[in-house]
Amino acid sequence: MPTERLLSGTDDGPSPDDPPSAPGPSPDRPPSPGPSGEASDETADETAAARILAAEREHLAVSRAALRAMREHAQSLSSDAAGDWVSQQILQALLDQRVAALADHSGTPLFFGRLDRSVADDLPGTVHVGRRHVHDDRSRPLVVDWRAPISRAFYQASPSDPMGVSRRRRFGYHGGELTAFEDERLDQGKVLRQSKILTEEIERPRSGPMRDIVATIQPDQDEIVRSELTRTVCVQGAPGTGKTAVGLHRAAYLLFTHREKLARSGVMIVGPNRAFLSYISSVLPALGEVKVDQTTVAGMLGDHAAPEDPAVAAVKGDARMVPVLRRALWAHIVKPAEGLLYTRGINRYRVADHEVREIVAALRGTTRYNPGRATLAQRLAHLVLVRMEQRGESPDDRVQDAVARSKPVKQLVEQVWPKLTPQQVLHRLLSDPAFLAASARDDLTPDEQAALLWARPPKSFRSAKWSAADSALLDELGDMMERTPSLGHLVVDEAQDLSAMQLRALGRRCRTGSATVLGDLAQGTTPWSARSWTEVLHHLGFPPGDGQDGGGGAVTELTLGFRVPREVLDYAARLLPSVAPGLAAPRSLRPGAGSLSVRHAPDPAASLAEAAAQALSREGSIGVIVADAGVSAASEALSGFDHRVLAPDSVEEHRLLVVPASLAKGLEYDHVIVVEPADIVEAEPRGLARLYVVLTRAVTSLTVLHARDLPPQLTG
């Protein structure tokens, strides 16, 4: 990348506070010869551009100094003013969070844009747009947060709707140093056909965790990011369209706009695996949001990983399991064989068995299981109090509570409405053929019931080894027993791979909030992968609607890619008719001529070493993606290179990585080497979808090495 570049999309005259930039060589390069007067014009343009760049660099220096002062002020504050120890701890945690949010990342631009406004109001006439708000010692804004309403024009303004903006300026950076700028005069209808700064930022080689895209958000992405909190949004995004980044930026926007509400209820990011979470971990902190929980579905529901036949897991993940579980739980309630006899002193109070049955019948199925038990005890105690009052006594609430906790009441409740755990219920369901048949009725076929039963049932639920699919069943039972707490907002990535039962578990956690659902139906690789977003939203509890006031979910589609080169994306799209025939083929803004290389490799090890050496000679990260079973062989072939193997629970920040195909989803590398596509396809039932994922991880170049025949979809 050049160290100095001055660009402009305008030819306007000088303004009082800021001379215009002008096309031409950078200030450290002498003017090129030309006709009389041409060199002097170029020199004048360069001088004006250099003055602008110097002024903007000065503003950057002042802004960084102000941010340091803001952080030092936050560090100087003490929690000692709080009245008690608990209050001190809470206040100190808030102060620590504030200090962390004010960190200045030297390699990250503090601001990336500027708006010159033509509207006469109380707002500033010139606004620098950046990742966070910065003000000076007199509270004057030096940088305005990109999420503020005034900043929306940076992403949305156009000549047809300038939104009160006369000039929009973008800044180019290199290593944190401001090196270039571009201007667009919206009031004169002068805009850049293609921003070189924006293009270079999108195409900039990357290494390590995912970067934010706050400087390059496109108008259609911005509309999603700024959707209201009450609106659940489902984003179908082709590879390279930035759907994951859009979801993360929406979380940051909602935290900024609804800080107090979401601070109480919380925001959660749910990703497909821990490697993915590590990859995206730096995005929100870079935007000033340091208190957002991130987890996987397994981390949320329980890290159970007992091996299981995919066909069995598919049955367990089906929504038909909901009525089966419900019947299994409520089947534990039995009709009382006798009434209640309560003794207090010399007095005896009796509740007849038919009265107990009436209470149980009224409660059964109308409440959650555990609250139902507590209510049963209270209602039995209430009837005892009625008997006391009939004898002229005057019992109060304390007496009723004492009766509800008494041994006779506890014994009757345990007999009729036994205390259970989700593990007990599921253990019985998967161990007892008769109980499973009675619970399943017509919802599961005999073959499906037989598949669900354990071949060797564990002696008790305490010794049971649960699978990942069992986790969602246990969570469903847990919610039938006690209401699951709800978050304010949930961001779910790679949602197309979740089963109906997993989606229901996630939906319970945003029952009183909203969600951002991200994914690509073409990248579904599980046996239960969703075939439509309507189905996904239905299981989450947000069926498609207007999306207002939590009343439904709205599906939007991103088809224009910015990261994956067109040549690579078109090659991978040959698989779409086989994996997702209903989806339109994605498009890429980047032609990427020469970005694709498909090579027959009779000696895979030697070819891989050669391809790795070629990739290492170029700038950027390298991912060698192979079928999971081929990881060891690929690592051995690369023994002469400094490399690492990507593990399931973390992301190695290393330039050359061997990546199992099952972990590639959601990740990206500048250069991708795919070894033996046929092995990837044959490794799992939806192998073509997995191959589609693998082929779309490249953002600069893709090399495909194969000794075996390629899948026929790629050779047509």
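It should be emphasised that the depicted structure is a prediction, and the values quoted were computed from it without experimental measurement.

Before going further, it helps to spend a moment on the overall build of the protein chain. Helix and strand counts for the protein chain come out as 28 helices and 22 strands. For the protein chain, contacts bridging at least 24 residues in sequence account for 72% of all contacts bridging at least 6. For the protein chain, the computed accessible surface area is about 31,900 Å², with 51% contributed by carbon and sulfur atoms. Charge separation in the protein chain, taken as the distance between the mean sites of 82 positive and 91 negative side-chain charges, equals 7 Å.

Mapped onto the elements, Asp570 comes out in helix α23 (residues 566-572). Residue class for Asp570 comes out partly exposed when judged on its relative accessible area of 43%. Counting along the chain gives 16 residues from Asp570 to Pro586, while the straight-line C-alpha distance between them is 7.9 Å.

We now examine the pattern of salt bridges. Under the defined criterion, the tally for this structure stands at 40 salt bridges. The partner of Arg140 in a salt bridge is Asp136, with the nearest N and O atoms 2.8 Å apart. Overall, the relative accessible area of 43% leaves Arg140 in the partly exposed class. Owing to a relative accessible area of 13%, Asp136 belongs among the buried residues under this scheme. Residues joined by salt bridges that share partners form a network here, namely Glu56, Arg114, Asp116, Arg167, Arg169 and Asp183.

This part takes up the sheet that holds strand β7 (residues 232-237). A sheet is described by the order of its strands in space; here six strands give the open sequence β9-β8-β12-β13-β7-β14, paired in parallel fashion. At either margin of the open sheet sits one strand with a lone partner, and together these are β9 (293-296) and β14 (553-558). Ignoring which end each strand starts from, the neighbouring axes of this sheet average 15° apart. Across four bridges, the pairing between strand β8 (residues 267-271) and strand β12 (residues 489-492) is parallel. Bridging from a neighbouring strand, Val267 pairs with His489 of β12.

Bringing the pairing of strand β13 (residues 514-519) into the picture now. Within β13, six of the six residues are buried, which leaves it mostly tucked inside the rest of the structure. Burial along β13 is two-sided: the residues Ser514, Thr516 and Leu518 and Ala515, Val517 and Gly519 are all buried. When β7 meets β13, the two strands line up parallel, connected through four bridges. If you follow Val235 over to β13, its bridge partner there is Leu518. Taken together, the four bridges between β12 and β13 define a ladder with parallel strand orientation. Bridging across to β13, Leu490 finds its partner in Ala515. With helix α21 (residues 500-508) bridging β12 and the parallel β13, this β-α-β connection has right-handed handedness.

Of all nine residues making up α21, eight are buried, and the element is well covered by its neighbours. Three or more residues of α21 are buried, namely Ala500, Met501, Gln502, Leu503, Ala505, Leu506, Gly507 and Arg508.

Turning to its location among the elements, Ala647 is positioned in the loop between β19 (644-645) and β20 (656-660). Given the relative accessible area of 26%, Ala647 is considered partly exposed. For the pair formed by Ala647 and Pro660, sequence separation is 13 residues and the distance between their alpha carbons is 8.4 Å. Once you skip the residues sitting within four places of it in the chain, Ala647 turns out to touch Ala275 and Leu663.

Ranked by internal contacts, the top residues of the largest apolar core, which has 81 residues, are Phe112, Trp146, Ile269, Ile280, Leu695 and Leu702. Sort the elements by how many residues they give to this core and helix α6 (residues 243-257) lands first, with eight residues. Contacts of Leu702, omitting those with residues within four sequence positions, involve Val568, Tyr571, Ser595, Leu596, Ser597, Val672, Val674 and Leu695.

Right, let's talk about the packing of helix α17 (residues 422-431) against helix α20 (residues 468-481) for a bit. Where α17 contacts α20, the axes come no closer than 9 Å and their chain directions differ by 125°. The orientation of α17 with respect to α20, classified from their angle, is oblique. As for how α17 packs across α20, the hand of that crossing is right-handed. In this structure, α17 contributes Pro422, Gln423, Val425, Leu426 and Leu430 to the contact, and α20 contributes Asp470, Leu473, Leu474, Leu477, Gly478 and Met481.

Looking now at the domain arrangement of the protein chain. Interface size is often expressed as the accessible area that is lost when the parts come together. In terms of domains, the protein chain is made up of domain 1 (46-204), domain 2 (274-280 + 290-319 + 423-560), domain 3 (333-415) and domain 4 (566-706). Here domain 3 and domain 4 have C-alpha centroids that lie 66 Å from each other.

Turning to its location among the elements, Arg131 is positioned in the loop between β2 (126-130) and β3 (134-135). Residue Arg131 is classed as buried on the basis of its relative accessible area, which comes to 8%. When residues no more than four places from it in sequence are discounted, the contact partners of Arg131 are Thr108, Pro109, Leu110, Phe112, Asp145, Trp146, Arg147, Asp212, Val214, Ala286 and Leu287.

Glancing now at the packing of aromatic side chains. Here the structure, examined in full by the defined rule, presents seven aromatic pairs. Taking 5.6 Å as the distance between ring centres and 80° as the angle between the ring planes, the aromatic pair formed by Trp330 and Trp417 counts as edge-to-face. Separated by 87 residues along the polypeptide, Trp330 in helix α12 (residues 321-330) and Trp417 in the loop between α16 (407-416) and α17 bring together distant segments of the chain. What makes Trp330 buried here is its relative accessible area of 9%. Given the relative accessible area of 0%, Trp417 is considered buried. Members of the aromatic cluster, joined through ring pairs, are Phe112, Phe154 and Tyr155. Stacked on the ring of Phe181, the Lys or Arg Arg169 has its end atom at 5.0 Å from the ring centre. Over the aromatic face of Phe435 sits the side chain of Arg428, whose NZ or CZ is 3.8 Å from the ring centroid.

This brings us to empty space enclosed by the protein. The final tally for this structure, using the stated rule, is five cavities of 30 Å³ or more. Considering only enclosed or pocket space, the largest cavity measures out at about 510 Å³ in volume. Surrounding the largest cavity, 31 residues form its lining, Met210, Gly240, Gly242, Arg563 and Glu668 being those nearest its centre. Counting residues per element, the ones that place at least two in the lining of the largest cavity are α4 (196-203), α6 and β22 (698-706). No other element matches α6, which puts three residues into the lining of the largest cavity. Across the lining of the largest cavity, the residue classes tally to 12 nonpolar, 10 polar and nine charged.

Bringing the sheet that holds β3 into the picture now. Pairing within the open sheet is mixed, and its six strands lie in the order β3-β4-β2-β1-β5-β6. Both outer strands of the open sheet, β3 and β6 (177-185), are each paired with one neighbouring strand and no more. The pairing of β2 with strand β4 (residues 141-145) spans two bridges and is parallel. Across the sheet, the residue bridging to Gly130 is Asp145, located in β4.

Those residues of helix α22 (residues 533-540) not exposed but buried are Trp533, Val536, Leu537, His539 and Leu540. For α22, the angular spread of the buried residues around the axis is 165°, confining them to a single face. Next to the buried residues of α22 lie β7, α21, β13 and β14. Downstream of α22 by a residue or two, Gly541 has a phi angle that is positive, lying close to 95°.

What counts and what doesn't
Residues numbered from 1 in each chain as written. Predicted model: local features only at pLDDT ≥ 70, side-chain atom pairs only at ≥ 80, totals over all residues. Heavy atoms only, no water. Helix = DSSP H or I, 4+ residues; strand = E, 2+ residues; numbered from the N terminus. Contact = heavy atoms within 4.5 Å. Areas by Shrake-Rupley, 256 points an atom, 1.4 Å probe, with all protein chains shown as cover. Lys, Arg positive; Asp, Glu negative; His and termini not counted. Charge placed at Lys NZ, Arg CZ, Asp CG, Glu CD. Buried < 20%, exposed > 50% of the residue type's maximum accessible area, 1.4 Å probe, protein only. Salt bridge = Lys/Arg side-chain N within 4 Å of Asp/Glu carboxyl O. Pairing = 2+ DSSP bridges. Axes fitted to C-alpha atoms, helices over the stretch in contact; angles between N-to-C directions. Right-handed = clockwise from strand over helix to strand, strands pointing away. Core = buried A, V, L, I, M, F, W, Y, C linked by side-chain atoms within 4.5 Å. Parallel < 35°, antiparallel > 145°, perpendicular 65-115°, else oblique. Left-handed = near helix turned anticlockwise from the far one by under 90°. Domains from an automatic or database assignment. Phe/Tyr/Trp six-rings, centres within 6.5 Å; stacked < 30°, edge-to-face > 60°. Lys NZ or Arg CZ within 6 Å of the ring centre and 35° of its normal. 1 Å grid on protein atoms, 1.4 Å probe; cavity = no way out; pocket = protein on both sides within 12 Å on 5 of 7 lines; lining within 4 Å. Points joined across faces, edges and corners; volume = space filled by probe spheres on them. Nonpolar A, V, L, I, M, F, W, Y, C, P; charged D, E, K, R; others polar. Arc of directions from axis to C-beta.

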